[in-house]
Amino acid sequence: MTKPENITYPIEYACSSDAEKITQLLHANQQTGLGEDEVAKRIEAFGLNSYKAQKQKSIFLILIEQFKSPIVLLLVVAAGFSFFFQHYIEGFSIIGVLFITATLGFFMELQARKSMNALKQMDVSVSKVWRDNSMTEIPSERIVPGDIVLLEPGDIVPADGRIFELHQFEADESALTGESLPVTKKLESLEKNTELADQVNMVFKGTAIVKGNAKIVITGTGLHTELGKIASLVENAEQSITPLEKKLQGLTKKLMWITAVFAAIFIVTGIIQSKDIYRIVETALALSVAAIPEGLPIVATIALTYGMLRMARKNVLIKRLAAVETLGGINTIFTDKTGTLTENKIEVSNLSLFEELITVEQNKINTENNKSIIDKLLLISTLCNNAVVNKKGNEEKQLGDPIEITLLHFVTANKINVAEINKQYPRVAEEAFSSETKLMATLHKNKTTNFVAAKGAVEALIEKCSTYCKGDAIEQLTDSAKKIFLQKADEVQAQGTRLLAFAFKEGDNTGTDNFLQDLTLAGFIGFLDPPRTDVIGALQSCREAGIKVIMITGDHPATALNIAQKIKLSNKENIIINGKELGVNLPDEKLFTADIFARVSPKQKLDMVSLYQKRGDIVAMTGDGINDAPALKKADIGIAMGLRGTQVAKETAAMVLKDDSFTAIVTAIEQGRAIFQNIKRFLVYLLSCNLSEIFIVFIYGLLNLPFSILPLQILFLNLVTDIFPALALGMGKGNELTMKNPPRNPQEPIVVKKDWTNIIVYAILLTLPIMAVTWYCSHYLKYSPEVCNNITFFSLALAQLWHVFNLSSRKLSFIKNEVTRNILVWYALLLCIIILTVFYLVIPLKEILGLQLLDTNMWLIVSATCIVPVLLIQLFKRVFKIIA
């Protein structure tokens, strides 16, 4: 590819050059940004802003790997024995089974990979850039050299860049340099040989912004970034397996040992009974193949990814497979209030001044009283604001914090020209908002004087004020006046209104080092954010599922309590703890019974997560800011907000809510539980079917009966009953009881003691009727061993197919349940019956399996026999209640 004319790229020693010079070398424009046509040329010339994707296994390699599994090795040995003893038909039949097994494994792994790729496409990070003279959000991978990017607290730097404008800007570069403390950035040029950790006029891809804001010109993308150079060294790193895969591997090993014991006993008894050595070994190998569910990990992965895709369609993005396992065990949720329990449709509802409370309707102020104070509030709202609202025709594009976007709509509705005001008052410094300070301030300089605009939490900002507005006068903010303001704030916030304080300062002596002192309090602006109507039902679901929901917010206690009561956070009286109280030694009883924590800091959120985890709880934590990242990381499941969350929060979290809704969290937990119920149901079905085959072969062998099922018949049953119905069970949608049971312990095995009991009872009840009927046919009806073998084979095959209906909960109707509602189960049964019919009717296939032509009476016996296990299991399940 040829690069665009006269562009110098990559930029060497960018830290040593002036930002203006670098901008010129890249043919960029700091005011307007690049045009889309130019961007397209640069993407073609320099590529996307991404690393070389980790090379996926080729389709050919996936196919080859299917032939490396223990199952295939056992089949190869069985085929070898057949050829050695000149049983060529069986030998070629086993090879056929071998290829069918490998092909099924191949297509299932391909489907799993396809699903995972689809999930990755949903997890796209975005950046704010200037393009064609306006700010826009684009996927970070489409950033090119010369782009002008805006960085704010919580952003992950999308590419290497040279800073040309900043306001109290700090970055956490520990991921790149190992430096634990945030780095304060500057504009001045440095020496060429400056160490990476000391390049304070640069930002680097993958680092996080913790304070202030800045504009940068991109100097390196993709592999031309400092992080990209490191990534190219480790692109072949191996992917670790999930806890679920480890448990499945452990289960498979146990089954292999159990099977080995059964096979050894079978071989010894066969030799004692002087059976044909070929038949003994072949049957033992077939038993081993039947007992080991080799497709288990792939089917489980498909079940997980299919469930994750289903969650993604419901606005929940799961970023790691391992998180799904933890979802089902959550018993405590710490949730934010704003936008999660509320609508996040924020509107200005009132202005609270010292002498008057002004109601605002549809963003319009309809009063002439206190005009000078109102004008100051509108000016502060315009200047102390980093949001951007671009309107083109009927379309409006919004970037920034929802509160700040609301303020821009508010001032615009009251005839304030935002662009003109920003032009009259150019910004020269900024104190960025943080969860610790709970306020934001900006310093501006117009033609006559300096002007400071500040907004923040009432308690935080009022401490920075020494005077306040009263009518057209400025009064001293005495303790009594401060008390009146705080009382007004409590009254307004008790009605569920979110309140921010607004203050200002004017004067030539205001510098960048002291502009947050001696402010003048203008008043408060109230914001109304109504509770989500669907949250009440979701909270009830959590209570029924044994999950405690705790509101943890930086908001005022009265506001938090008002919302909690409206959404029925608890079915008891709400217990609220203020963040200030967490500093004293509160008794554990109060801490663990409280359901609202208000005015808490990020550090306190982290402490609360740790406290509950020490008690043994499985904790989910929601967060949206950069300071929430430690708590998100500490929680068993960190949940980031997709709409208002920072990139740091999204990168740290295991789960992202695309609509910020609490209901989506409950949906995710329900789906997580359903996925594991499906995997367990699939396992119980598979193991009970396989164990029934082992029982029949083992007992027939011990009793030296001549009509035991043949090795190829075992392999056929293994293919037909193991794969299709089991896979259909693994992709079910769960049932209405999913959220009415207590959380499961993620540490426990997939198959617990109760499940093993069920598996053994199922297998016995599948086996006994078939053995009894076959014995009756042999001894009383005097059917030939070949016919008795066929009755056993067809009865077992159909009984295993109908066994799928035994896997529903006994608390639900046998007719209407999660299994009967699963259309994939019906498709699987239909496919299996068609396969059975084809093998019975097509003579060459019939001969391979040793099938006979059965008359009407024989088919009636098979039909009745295959139904008996279902009736017996339902009797034990619903009447005797011996099995779950």
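Please refer to the structure placed before this passage.
Keep in mind the model is a prediction, meaning the values are calculated, not measured.

Student: Pulling in residues and values, what's your account of the packing of helix α24 (residues 711-729) against helix α26 (residues 785-802)?
Tutor: Packing of α24 against α26 leaves a shortest axis separation of 10 Å and a crossing angle of 10 degrees. Overall, the two elements α24 and α26 adopt an arrangement that is roughly parallel. Note on packing geometry: the crossing formed by α24 with α26 is right-handed. Every residue of α26 that contacts α24 at Gln713, Phe716, Leu717, Thr721 and Pro725 is listed here: Asn789, Asn790, Phe793, Leu796, Ala797, Gln800 and Leu801. For the contact of α24 with α26, the per-class residue count stands at seven nonpolar, five polar and no charged.

Student: Could you give me a rundown of the nonpolar core, with the residues and numbers involved?
Tutor: Within soluble globular proteins, side chains that are nonpolar generally end up buried alongside one another. Residues Ile318, Ile330, Ile333, Met655, Phe662 and Phe793 are the most contacted members of the largest nonpolar core, which totals 135 residues. For this core, the element with the highest residue contribution is helix α23 (residues 662-702), accounting for 23 residues. Residues contacting isoleucine 330, with those up to four places away along its chain left out, are Ile547, Ile618, Ala620, Ile637, Ile669, Arg673 and Pro743. Among the nonpolar cores identified, the runner-up in size contains 35 residues, and Val360, Ile365, Cys384 and Phe410 belong to it.

Student: So what's going on with the sheet that holds strand β23 (residues 596-598)? Which residues, and what values?
Tutor: Backbone hydrogen bonds hold the strands of a sheet together, and the pairing may be parallel or antiparallel. If you trace the eight strands from one edge of the open sheet to the other, you get β8-β26-β25-β24-β9-β21-β23-β22, paired in mixed fashion. Each having just a single partner strand, β8 (316-318) and β22 (576-578) make up the two edges of the open sheet. Pairwise comparison of adjacent strand axes, ignoring direction, gives a mean angle of 20 degrees for this sheet. Bridge count for strand β25 (residues 637-641) against strand β26 (residues 655-657) is three bridges, and the pairing is parallel.

Student: Lay out empty space enclosed by the protein with the relevant residues and their values.
Tutor: A complete count under the given rule lists four cavities of 30 Å³ or more for this structure. Forming the boundary of the largest cavity are Lys337, Thr338, Thr342, Ile346, Ile403, Gly496, Arg498, Phe527, Leu528, Asp529, Thr559 and Ile563. Put simply, the parts of the chain that give the lining of the largest cavity at least two residues each are β20 (519-528) and α18 (557-567). Along the lines of polarity and charge, the residues of the lining of the largest cavity split into five nonpolar, four polar and three charged.

Student: So what's going on with the side chain of asparagine 363? Which residues, and what values?
Tutor: Along the chain, asparagine 363 turns up in the loop between β11 (357-359) and α12 (371-383). Using a relative accessible area of 16% as the deciding quantity, one classes asparagine 363 as buried. Not counting the four nearest positions on each side in its chain, asparagine 363 is found in contact with Val348, His409, Phe410, Ala413 and Asn414.

Student: Can you tell me about unusual backbone geometry, naming the residues and giving the values?
Tutor: Peptide bonds are mostly trans, and most non-glycine residues show a negative phi. At aspartate 518, a position not held by glycine, the phi torsion is positive, near 55 degrees. You can see aspartate 518 is positioned in the loop between β19 (497-506) and β20. For aspartate 518, a relative accessible area of 51% gives the class exposed. Here aspartate 660, not a glycine, exhibits a phi torsion of approximately 65 degrees, which is positive. With respect to the helices and strands, aspartate 660 occurs in the loop between β26 and α23.

Student: Just give me the short version of the side chain of asparagine 758, but keep the residues and values in it.
Tutor: In this structure, asparagine 758 sits in helix α25 (residues 753-779). Take asparagine 758: its relative accessible area is 8%, and that puts it in the buried class. Once you skip the residues sitting within four places of it in the chain, asparagine 758 turns out to touch Ile883 and Ala884.

Student: Break down the pattern of salt bridges for me, citing the residues and quoting the values.
Tutor: According to the stated counting rule, one finds 22 salt bridges in the structure shown. Here glutamate 36 makes a salt bridge to arginine 131, at a shortest N to O gap of 3.4 Å. Taken as a pair, glutamate 36 in helix α2 (residues 36-46) and arginine 131 in strand β1 (residues 126-131) lie far apart in primary sequence, 95 residues in all. Overall, glutamate 36 belongs to the partly exposed group, its relative accessible area being 39%. Judged by its relative accessible area of 5%, arginine 131 falls in the buried class. As a salt-bridge pair, glutamate 152 and lysine 128 come within 3.5 Å of each other at their nearest N and O atoms.

Student: I'd like a rundown of helix α20 (residues 602-614), residues and numbers included.
Tutor: Between its first and last C-alpha atoms α20 spans 19 Å; for 13 residues at 1.5 Å apiece the expected length is 18 Å, and the two agree. Residues of α20 that are buried: Pro602, Gln604, Lys605, Met608, Val609, Ser610, Tyr612 and Gln613. In this fold, the buried residues of α20 make contact with β9 (332-335), β21 (548-552), α19 (588-593), β23, β24 (619-623) and α21 (629-634). Once α20 finishes, glycine 616 follows within two positions and takes phi at roughly 105 degrees, a positive value.

Here is what the cut-offs are and how they apply
- Residues numbered from 1 in each chain as written.
- Predicted model: local features only at pLDDT ≥ 70, side-chain atom pairs only at ≥ 80, totals over all residues.
- Heavy atoms only, no water.
- Axes fitted to C-alpha atoms, helices over the stretch in contact; angles between N-to-C directions.
- Helix = DSSP H or I, 4+ residues; strand = E, 2+ residues; numbered from the N terminus.
- Parallel < 35°, antiparallel > 145°, perpendicular 65-115°, else oblique.
- Left-handed = near helix turned anticlockwise from the far one by under 90°.
- Contact = heavy atoms within 4.5 Å.
- Nonpolar A, V, L, I, M, F, W, Y, C, P; charged D, E, K, R; others polar.
- Core = buried A, V, L, I, M, F, W, Y, C linked by side-chain atoms within 4.5 Å.
- Buried < 20%, exposed > 50% of the residue type's maximum accessible area, 1.4 Å probe, protein only.
- Pairing = 2+ DSSP bridges.
- 1 Å grid on protein atoms, 1.4 Å probe; cavity = no way out; pocket = protein on both sides within 12 Å on 5 of 7 lines; lining within 4 Å.
- Points joined across faces, edges and corners; volume = space filled by probe spheres on them.
- Salt bridge = Lys/Arg side-chain N within 4 Å of Asp/Glu carboxyl O.
- Expected span 1.5 Å × (residues − 1).

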